[in-house]
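# Topology and contacts: notes
Each chain, written out:
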Amino acid sequence: MDLIWLVPALPLFGFALLVVFGRRLGDPVAGWLGTAVVGGSFAVAVKLFTDLLALPADERVLTQKLWTWIPVGDFSVDIGFLVDPLSITMCLFVTGIGALIHLYSIGYMKGDPDFSKFFVYLNLFVASMLLLVLGDNLLLTFLGWEGVGACSYFLISFWFTDEANASAGKKAFITNRVGDVGFMVGTFLVWFTVGSLNFLDIGAAASNVAAGTATAIALLFFVGAVGKSAQLPLFVWLPDAMAGPTPVSALIHAATMVTAGVYLITRLNPIMAEAGWANDVVAWVGAITALVAATIAVAQNDIKKVLAYSTVSQLGYMFLAVGTQTYVAGVFHMVTHAFFKALLFLGSGSVILAMAHEQDMRRYGNLRKYLPITFATFVIGWLAIAGVPPLSGFWSKDEILAGAFNAGPAGPVLWAIGLATALLTAFYMSRQVFMTFYGEERWRVEEDAPVAAGGGGEEATDAEPAEADDAHGHHLTQDHTPTESPPTMTIPLVVLAVLSVVGGALNLPFADGLKRLEHWLAPTIVEEHHLPGAGTLWVLAIIAVVVAIAGIWFAAQVYLRRRVEASRLEPPVLANGWYIDAAYARLVDGPGRAAFQGTADFDAKVVDGAVNGIASGWRLLGSKLRLAQPGFVRSYALGVGVGAVLLLAFIVTRMNL
């Protein structure tokens with residue numbers, strides 16, 4: 001356990017080395033160095049896992065204090081790490097999938113002029129996330145929390161010479177700051193209530209916290225989680241985060257930043273157990289976000305935006321799980337989602353690279369012929385997220401739905417929303433696969449010919465030109481022939497595909513001995529909601545499978561057999577995300593701008609005016625008094641003489657009286 005500090009230290013060390021020597025090492029050595037340090041961190045995490053597994057269940061909570069960070073009177077915060085089943089689970093998939101994404105990036109970013117800088121940011125991103133999940137107190141967690149926020153800004157706007165990319169980075173940064181207010185105020189309230197920011201102290205004192213205070217703390221931290229994990233109403237930054245290179249999308253969406261909110265709520269489960277109706281808020285926000293994001297994904301044509309809205313939706317499932325206090329199901333889905341979502345994003349990157357960085361799926365078609373490895377692995381990711389057994393996504397999503405169904409009077413409604421989301425997920429993911437890997441080779445159409453909307457027979461009014469420039473200067477032309485990605489990119493795809501197949505074995509419902517993740521996480525969970533009985537579980541599972549197959553079947557009718565016009569299922573309101581982002585833009589640019597300008601005017605005219613007015617008054621008084629102090633000796637002598645005469649006259653007068 002003395003090796004705990006190495007887990008975040010290795011990628012931080014890689015970051016420092018690349019800052020100093022990165023440009024000198026160049027492409028691809030800088031990439032191999034960045035990959036090696038994250039791989040080393042994964043190896044240490046595996047060692048810690050085996051050591052922790054060897055201990056009795058009730059002893060699997062260990063801490064390591066490195067030094068005292070902030071000693072101020074009664075307030076003291078350490079640089080210390082908390083090693084327990086929850087933090088080690090997070091470390092394993094953060095470092096494991098992070099290492100695969102680093103390896104993939106060596107091929108994807110080849111030839112980029114800022115190749116080494118990209119790995120500088122990736123290493124810092126992973127180090128920040130590891131600090132977040134290993135920190136034994138809220139303040140250290142917040143340091144990692146802000147670290148991943150800063151790195152997301154750097155990476156989303158990595159190709160910042162394009163104004164849209166720079167704007168996307170700023171949007172992510174600003175939106176997350178809104179959520180961070182909740183985290184900070186919640187931290188203050190925890191300190192005033194518990195007298196400590198240490199997670200173990202918070203857990204020990206949680207049962208003595210008043211229900212109202214616990215509810216306030218839970219809601220404040222949930223505001224932070226809503227911003228970081230892109231839930232309504234703060235989800236708008238995540239789709240625009242697609243502006244960064246594809247490996248960034250995989251890292252943000254699968255292994256690091258967006259899972260931080262789910263982790264935080266799970267870590268604070270002792271407080272959530274006392275928070276009453278705050279749990280209902282978490283569950284309902286998660287369920288509604290899952291459904292809304294799924295409807296938007298149905299009408300997206302950018303291959304990465306489909307996956308971005310899918311991530312928002314899947315995160316909604318995770319919050320539905322933690323809100324119904326089925327924490328194991330939430331963590332289970334977090335892990336399986338990391339497998340298949342990283343696979344899907346990296347697979348989309350392979351497609352994008354093969355198609356000269358064209359991201360419009362209406363320019364794709366029949367790519368299974370040219371990209372056999374990408375196609376095979378992408379299909380596994382598609383079936384996993386669609387909830388087709390026996391792939392991993394089926395088991396974790398089914399457990400969330402079962403937990404929601406058993407969550408009291410509102411349970412069946414939450415379950416129905418989750419089931420509708422599952423239907424849409426199977427549909428839009430099938431749409432993506434059919435448009436990308438099946439049908440005609442639509443990039444070979446004439447430049448002035450219309451592009452089939454949604455892969456169907458309709459004409460798109462907003463089609464991109466047949467030749468598209470990308471950040472690397474490539475072009476998509478009619479005689480373009482896609483080729484499979486290099487091994488540095490396909491090997492991670494194969495590994496993630498295998499994990500997406502077998503990942504469900506982490507927590508199978510058939511017997512108590514197969515619920516490995518549930519038993520593993522037990523020391524960190526105070527109150528876990530029970531799932532329905534075996535009979536109900538079988539019925540719910542069968543319904544979920546039928547729904548998934550129905551979604552795939554209907555997508556095939558629309559996008560393969562073209563028996564339904566795709567445009568009827570892709571209305572502008574969905575293509576534009578229910579106009580939520582546009583409404584925010586109008587609010588900020590209209591009343592928001594007026595309010596900010598009014599505040600600035602008040603500050604300039606009233607606040608600054610009062611200060612400047614007082615200063616002007618004293619300056620005027622000083623200018624008048626200055627006349628009595630001209631600096632001439634004869635004037636002072638005259639004054640002294642006149643004063644002496646007046647004083648003498650006064651004395652003589654008084655003596656005569």
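Structural data are supplied above this passage.
Read on for a plain summary of the structure. Counting restarts for each chain, with residues numbered from 1 along the sequence as it is written. Since the coordinates come from a predicted model, pLDDT governs what is reported: local features require at least 70, and pairs of side-chain atoms require 80 or more to be given and counted, while whole-chain, interface and lining totals use all residues. For the side-chain quantities, the full set of heavy atoms in the structure was used; hydrogens and water were omitted.

## What to know about the pairing of strand β2 (residues 75-83)
Note the threshold: At least two DSSP bridges between two strands are needed for those strands to be called paired. Secondary structure elements are defined from DSSP: runs of H or I of at least 4 residues count as helices, runs of E of at least 2 residues count as strands, and each element is numbered from the N terminus.
Strand direction decides the pairing type here: strand β1 (residues 62-72) and β2, joined by 9 bridges, are antiparallel. Bridging from a neighbouring strand, Trp67 pairs with Ile79 of β2. Counted between consecutive antiparallel strands, the loop separating β1 from β2 contains 2 residues, among which Gly73 sits at a positive phi close to 60 degrees.

## Quick word on the packing of aromatic side chains
As a reminder, the rule being used: In this scheme Phe, Tyr and Trp rings, the latter by its six-membered ring, pair at centre separations within 6.5 Å, and the angle between planes marks the pair as stacked below 30 degrees, edge-to-face above 60, and tilted otherwise. Remark: exposure states derive from per-residue accessible area (1.4 Å probe, protein chains only) relative to the maximum for the residue type, with buried under 20%, exposed over 50%, and partly exposed in between.
Under the criterion given, the structure shown has 27 aromatic pairs. On the basis of an interplanar angle of 85 degrees and a centroid distance of 5.8 Å, the ring pair of Phe118 and Phe119 is categorised as edge-to-face. Each member of the pair, Phe118 as well as Phe119, carries the same accessibility label: buried. Considering the side-chain rings of Phe375 and Phe437, the 5.3 Å spacing of their centres and the 55 degrees angle between planes classify their relative orientation as tilted. Here Phe375 is found in helix α16 (residues 372-386), whereas its partner Phe437 is found in helix α18 (residues 411-437), with 62 residues between them in sequence.

## Observations regarding the nonpolar core
Cut-off, in case you're wondering: Here, the term nonpolar core denotes a set of buried Ala, Val, Leu, Ile, Met, Phe, Trp, Tyr and Cys residues that are joined through side-chain atoms within 4.5 Å. Every residue pair with non-hydrogen atoms within 4.5 Å of one another is taken to be in contact.
One finds Ile97, Leu138, Trp237, Ile252 and Leu367 to be the most contacted residues of the largest nonpolar core, which totals 179 residues. The leading source of residues in this core is helix α15 (residues 327-354), at 17 residues. If we skip the residues at most four places from it in the chain, Ile97 touches Ala255, Ala338, Phe339, Ala342 and Leu496. Judged by nonpolar contacts, the second largest core, of 18 residues, contains Ala283, Ala287, Tyr317 and Ala329.

## Observations concerning α15
The criterion, for reference: Expected span of a helix, by definition, is 1.5 Å for each gap between consecutive residues, and there is one gap fewer than residues. Fitting axes to the seven residues that end at a residue and to the seven that start at it, the angle between those axes gives the bend at that residue.
Taking 1.5 Å of rise per residue, 28 residues should cover 40 Å, and α15 covers 40 Å from first to last C-alpha, within 8% of that figure. The sharpest bend along α15 comes to roughly 25 degrees, located at His337. Of all the 28 residues making up α15, 27 are buried; the element is thus mostly covered by neighbouring parts of the structure. Where α15 terminates, the next one or two residues include Ala356, which has phi positive at roughly 55 degrees.

## Here's the deal with the packing of helix α14 (residues 303-323) against helix α17 (residues 392-405)
Convention followed: Comment: axis = line fitted to C-alpha atoms, over the contacting stretch for helices; angle = value between 0 and 180 degrees taken between N-to-C directions. Just so you know how the angles are binned, under 35 degrees is roughly parallel, over 145 roughly antiparallel, 65 to 115 roughly perpendicular, and the rest oblique. Each helix crossing is assigned a hand: it is left-handed if the near helix lies turned anticlockwise from the far helix by less than a right angle, otherwise right-handed if that turn is clockwise. Any residue outside Ala, Val, Leu, Ile, Met, Phe, Trp, Tyr, Cys, Pro, Asp, Glu, Lys and Arg is labelled polar, Gly included; the first ten of those are nonpolar and the last four are charged.
α17 packs onto α14 with a crossing angle of 45 degrees between their chain directions and a minimal axis gap of 9 Å. When the axis of α14 is compared with that of α17, the two are oblique. The interaxial crossing formed by α14 with α17 has left-handed handedness. Each of Gln314, Tyr317, Met318, Leu320 and Ala321 in α14 lies in contact with α17, whose residues at this interface are Lys397, Ile400, Leu401 and Ala404. Split into classes, the residues belonging to the contact of α14 with α17 amount to 7 nonpolar, 1 polar and 1 charged.

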